[in-house]
Amino acid sequence: MNLRYLSGVAICLLAIFISATSGQSDTTTVGRGPRRGTAGRNGWVGRQQLDDALRRIGVGPGVSGGAGNPSERRNLTEFLQVLNNRRPAPATAAPVTGAPVTPEPVTGAPVTGAPVDNGNAGTQLTAETLAEIRQELEVFFQDTSRIPKYVQMGFHVCVGGCDGCLNLADDSNKGLVVHYNHLKDNLFPKWRNHLSLADYAVLSAYEAFKAGVQANTGCDGGQCSIDLPFTSGRRTCANPESPPTNTVFPKGHDAASPRTFLQQGFGLTENEMVALLGSHSLGRAHVDVSGFNGPWDLTPRVVDNGYFSALARVEWTQHFQEEAGANQWNGTTLSGSNIMMLHADMILQHRFTVDSNNVASCPTTVDCPLATTSDTVQRFAQSNDAFISTLGRAVVKMCNTANFDTARRQLFN
């Protein structure tokens, strides 16, 4: 994995650039080459659609107020209602769409090998079944050690279009082999007649993410919470046992590529990009996986703003990590605990350049001027609510840049 440092949680994702617009037939690059299709006809959820939907609810690009705008705290369901242009499925009623329909072919999508049973070949997903799946996953994530891996895995399968497939030969997925196989071979089969493997991978990431948020008791009302409305209908790749192998991940020790990718590839705002990198709070780097070493903050397995507090308040020093062949930033908290950051993290708080030897232009953060995003870092460091609200939007936005079967696409609260 080029982004191996994310063994604890890897949410720095690589280039899915969606340029499809509603009602137009565009060439859409999704990490694995161009695909032809219209958002309405073939189920593509395009970047322009995402931006338009966000603008319509007052939180998109060009809307004044930034992440501090109260409108950004609106329920994420409204965003997805606009995105899907349909009502959510009632809590205890049949789904919005009608009788099961044979899925449309993925126009222009690459096909390798004979298709396998990727799920969703039977009945439509209902609200009752979705509730059962969520309850099962809630119990599953009571083992909090699973939370970082399933969040990481959910977003790694979105590299290339949220198709439920993971190239386990890629070093980027080095720490996910056991977990992905367990999801695919043990957890998912029970529900394969109701949703696709691609849907299940995203849903499991949602539930892991929610469990990490609920472990945080530092919100205004005490225990934190997040609403992640779920949209079903993602298409799984042709053969999960032989997934495409040309997916590329950004390098965490590259100061610029992860943030550029997140903004351009997924259409995230700058505030959403900053919040998404804060998901590193869930995990830690392991020498035997990435070569880097240490936690990003002192509360692994919890989605909280400790990452931003550390960025803003700890004095950091560059350190060459021999096992990684690159530099990381080491710091010590007031309690005497050692934590780390990578260039991709530190660039959110401080402005510097990196030379060909991966050395930043300032040896310590005392010598670095503040970055333009430091105000956002400070605001998130002061408020779990602001951080989690913005992060939740980014998560939903990313997980809906997918190839949907419009006959099966449904929105659930």
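Residues numbered from 1 in each chain as written. Predicted model: local features only at pLDDT ≥ 70, side-chain atom pairs only at ≥ 80, totals over all residues. Heavy atoms only, no water.

Draft legend 1. Seen up close, the pattern of salt bridges. Enumeration over the complete set of coordinates arrives at 10 salt bridges. Its salt-bridge partner being E136, residue K190 comes within 2.8 Å of it at the nearest N-O pair. Here E136 lies in helix α4 (residues 127–140) and K190 lies in the loop between α6 (177–187) and α7 (197–214), a separation of 54 residues in the sequence. Judged by its relative accessible area of 56%, K190 is exposed. Here R146 makes a salt bridge to D143, at a shortest N to O gap of 3.7 Å. Judged by its relative accessible area of 27%, R146 falls in the partly exposed class. (Salt bridge = Lys/Arg side-chain N within 4 Å of Asp/Glu carboxyl O. Helix = DSSP H or I, 4+ residues; strand = E, 2+ residues; numbered from the N terminus. Buried < 20%, exposed > 50% of the residue type's maximum accessible area, 1.4 Å probe, protein only.)

Draft legend 2. Fine view of the state of the cysteines. Counted according to the given criterion, the structure contains four disulfides. In this model C165 forms its disulfide with C237; the gap between the sulfur atoms is 1.9 Å. Between C165 and C237, the S-S torsion sits near -85°, and that sign places the bridge as left-handed. Taken as a pair, C165 in the loop between α5 (147–156) and α6 and C237 in the loop between β3 (230–232) and α8 (257–266) lie far apart in primary sequence, 72 residues in all. (Disulfide = S-S within 2.5 Å.)

Draft legend 3. Inspection of the pairing of strand β7 (residues 326–332) at higher detail. Judged by how many residues are buried, β7 sits mostly within the fold: five of seven residues are covered. Here strand β6 (residues 316–321) folds back onto β7, and the loop between the two strands holds four residues, one of which, G325, carries a positive phi near 65°. Sheet analysis places β7 next to strand β8 (residues 338–341), joined by four bridges and oriented antiparallel. Following the sheet pairing, G331 is matched in β8 by I339. Hairpin remark: β7 followed by β8, antiparallel, with five residues in the connecting loop; positive phi at G336, about 90°. (Pairing = 2+ DSSP bridges.)

Draft legend 4. The nonpolar core, seen in detail. Membership of the largest hydrophobic core comes to 89 residues, with the highest contact counts inside it found for Y200, F209, F230 and M341. At 10 residues, the largest contribution of residues to this core is made by α7. In this view, M341 contacts W296, Y307, A310, L311, W316, Q328, W329 and M346; residues no more than four positions away in its chain are not counted. (Core = buried A, V, L, I, M, F, W, Y, C linked by side-chain atoms within 4.5 Å. Contact = heavy atoms within 4.5 Å.)

Draft legend 5. Expanded view of the confidence of the model for the chain. With 67% of its residues at a pLDDT of at least 70, the chain reaches an overall mean of 75. Counted against residues more than four places away or in other chains, residues 1–44, with its pLDDT under 50, gives 186 contacts. Within the model, pLDDT remains below 50 along residues 86–117, and this stretch shows 66 contacts once partners closer than five positions in the same chain are excluded. (pLDDT = per-residue confidence, 0-100.)

Draft legend 6. Spotlight on the packing of aromatic side chains. The tally for this structure, following the rule as stated, stands at 10 aromatic pairs. Seen in terms of ring centroids, F141 and Y150 are 5.4 Å apart; in terms of plane orientation they differ by 75°. Their pairing is edge-to-face. What makes F141 buried here is its relative accessible area of 3%. Among the residues examined, Y150 registers a relative accessible area of 1% and is labelled buried. Centroid distance F380 to F387: 5.9 Å. Interplanar angle 55°. Geometry classified as tilted. Here F380 and F387 have matching classes, each one buried. The ring centre of F404 lies 5.5 Å from the NZ or CZ of R409, which sits over that ring. (Phe/Tyr/Trp six-rings, centres within 6.5 Å; stacked < 30°, edge-to-face > 60°. Lys NZ or Arg CZ within 6 Å of the ring centre and 35° of its normal.)

Draft legend 7. Spatial organisation of the packing of helix α9 (residues 270–277) against helix α13 (residues 384–399). Across the interface, α9 lies against α13 with an axial gap of 8 Å and an inter-helix angle of 95°. Between α9 and α13, the crossing angle belongs to the class labelled roughly perpendicular. For the pair α9 and α13, contact is made by N271, E272, A275 and L276 and by F387, T390, L391, R393, A394, V395, K397 and M398, respectively. Tallied by class, the residues present in the contact of α9 with α13 amount to seven nonpolar, two polar and three charged. (Axes fitted to C-alpha atoms, helices over the stretch in contact; angles between N-to-C directions. Parallel < 35°, antiparallel > 145°, perpendicular 65-115°, else oblique. Nonpolar A, V, L, I, M, F, W, Y, C, P; charged D, E, K, R; others polar.)

Draft legend 8. Molecular detail of the packing of α7 against α13. For the pair α7 and α13, interaxial distance at closest approach is 11 Å and the crossing angle is 175°. It follows that α7 is roughly antiparallel to α13 by the angle criterion. Across the interface between the two elements, V202, Y206, F209 and V213 of α7 pack against I388, L391, G392, V395, V396 and C399 of α13. Classifying every residue of the contact of α7 with α13 by side-chain character gives nine nonpolar, one polar and no charged.

Draft legend 9. Structural context of the sheet that holds β6. Here we have three strands laid out as an open sheet, ordered β6-β7-β8, and antiparallel in their pairing. The strands lining the two open edges of the sheet, one partner per strand, are β6 and β8. Between one strand axis and the next, the sheet turns through 40° on average, direction left out of account. The pairing of β6 with β7 spans six bridges and is classified as antiparallel. Residue pairing in the sheet places F320 in a bridge with N327 of β7. Sitting on the sheet, helix α10 (residues 306–313) touches β6 and β8, and the angle it makes with β8 is about 90°.

Draft legend 10. Broad picture of the environment of V151. For V151, the location among the structural elements is in helix α5. For V151, a relative accessible area of 0% translates into the label buried. Considering only alpha carbons, one finds V151 and G212, 61 residues apart in sequence, at a separation of 9.4 Å.

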